[in-house]
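Notes for the structure review
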Amino acid sequence: GSILEAENVFLSLPQRDISTWNSILSAYLDKDEGEKVLYLYGVMQGNGVSPDERTSVTALQACCMLSSKEEPVFIKGNSMKKKSLDIGRALHADAQRKGFDADAFVCSTLVNMYGKCGCLEEAERIFTSMGNSNAITWNVMAATYAQNGYGHEALTCFEHMQNEGLSANTVTFVCALKACACIQAIDKGKEIHSEIVSRRLLKTDV
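The rules behind each value
- Residues numbered from 1 in each chain as written.
- Predicted model: local features only at pLDDT ≥ 70, side-chain atom pairs only at ≥ 80, totals over all residues.
- Heavy atoms only, no water.
- Helix = DSSP H or I, 4+ residues; strand = E, 2+ residues; numbered from the N terminus.
- Buried < 20%, exposed > 50% of the residue type's maximum accessible area, 1.4 Å probe, protein only.
- Areas by Shrake-Rupley, 256 points an atom, 1.4 Å probe, with all protein chains shown as cover.
- Salt bridge = Lys/Arg side-chain N within 4 Å of Asp/Glu carboxyl O.
- Core = buried A, V, L, I, M, F, W, Y, C linked by side-chain atoms within 4.5 Å.
- Contact = heavy atoms within 4.5 Å.
- Phe/Tyr/Trp six-rings, centres within 6.5 Å; stacked < 30°, edge-to-face > 60°.
- Lys NZ or Arg CZ within 6 Å of the ring centre and 35° of its normal.

1. Considering the overall build of the protein
- A tally of regular secondary structure across the protein gives 11 helices and 2 strands.
- Ordered by position from the N terminus, the helices and strands of the protein form the series α-α-α-α-β-β-α-α-α-α-α-α-α.
- Projected onto its principal axes, the C-alpha coordinates of the protein cover approximately 60 × 40 × 35 Å.
- Expressed as a percentage of its 206 residues, the buried residues of the protein come to 43%.
- Just so you have it, the protein exposes about 11,300 Å², and 52% of that area is on carbon and sulfur atoms.

Structure, rendered in structure tokens:
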């Protein structure tokens, strides 16, 4: 938790490879300093160090962090975080150039980023293009729908996971309950509540 000590160690290194850059970027992300992460993302490349998939994920998470602090604007009837969306699109283009858009974690973070910026169409496109969706990616898509007010679509994700036998976790159930609240689906909410109780999640995780 001592970012100043982390900075001192980082700056004292005679050489900084991608591993050390990723470490300092993660440290700033943990401190909720998204702008610093994005600034150093550029500095790193200016110093001749090429990002890897982990760097891309960290930068996209920093973009999500910025979006949570930005006031939305309405574009063609949609509520969007314009500044964060522009940064996210640039990061997405960078990931594509480096071939990172085939990585499941990068894709999941892209879905999350576009969802938080209010660009649901792009989030859906990336999710659909993913070959092998797992519980994590379905959770991200369900959360994206829920946070944008698309309760029916979020519940469809939840039901698909159940039909495919994918293991639902506390994140899955939280998204499903938010979706029920969004569309006032009390009966479905009670059904999900019963499943939470049957799995003994109520007292421990939910």
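2. What about the pattern of salt bridges?
- In total, this model carries 9 salt bridges according to the counting rule given.
- With a closest N to O distance of 3.5 Å, D32 and K69 form a salt bridge. With a gap of 37 residues between them, D32 in the loop between α2 (18-30) and α3 (34-46) and K69 in the loop between α4 (53-67) and β1 (73-75) connect regions that are remote in the sequence.
- The class for D32 is partly exposed, based on a relative accessible area of 40%.
- For D94, the salt bridge is made with R97, and the minimal N-O distance between the two is 3.2 Å. Taken together, the residues span about one helical turn, with D94 and R97 both in helix α5 (residues 82-97) at a distance of 3 residues.
- Overall, the relative accessible area of 62% leaves R97 in the exposed class.
- Where salt bridges share partners, they join D94, R97 and K98 into one cluster.

3. Quick look at unusual backbone geometry
- Its identity as a non-glycine residue notwithstanding, D32 has a phi of 65°, on the positive side.
- In this structure, Q184 takes a positive phi of about 55° despite not being glycine.
- Note that Q184 resides in the loop between α10 (170-183) and α11 (186-198).

4. Quick word on the nonpolar core
- Membership of the largest hydrophobic core comes to 61 residues, with the highest contact counts inside it found for M113, Y114, M141 and I192.
- Here this core takes 8 residues from α4, the largest share from any one element.
- Excluding its chain neighbours within four sequence positions, the residues that come into contact with M113 are L60, C63, C64, G88 and R89.

5. Some words on the packing of aromatic side chains
- In total, this model carries 4 aromatic pairs according to the counting rule given.
- Considering the side-chain rings of F10 and W21, the 4.9 Å spacing of their centres and the 75° angle between planes classify their relative orientation as edge-to-face. Here W21 lies in helix α2 and F10 lies in helix α1 (residues 3-12), a separation of 11 residues in the sequence. Like W21, F10 is buried.
- Ring geometry for F127 and W138: centres 4.8 Å apart, planes at 80°, overall edge-to-face. Linking F127 in helix α7 (residues 120-129) with W138 in helix α8 (residues 135-147), this pair joins segments that are 11 residues apart in sequence. W138 matches F127 in its accessibility class, with the two residues each being buried.
- Taking NZ or CZ as reference, R16 lies 5.0 Å from the ring centre of F10, over its face.

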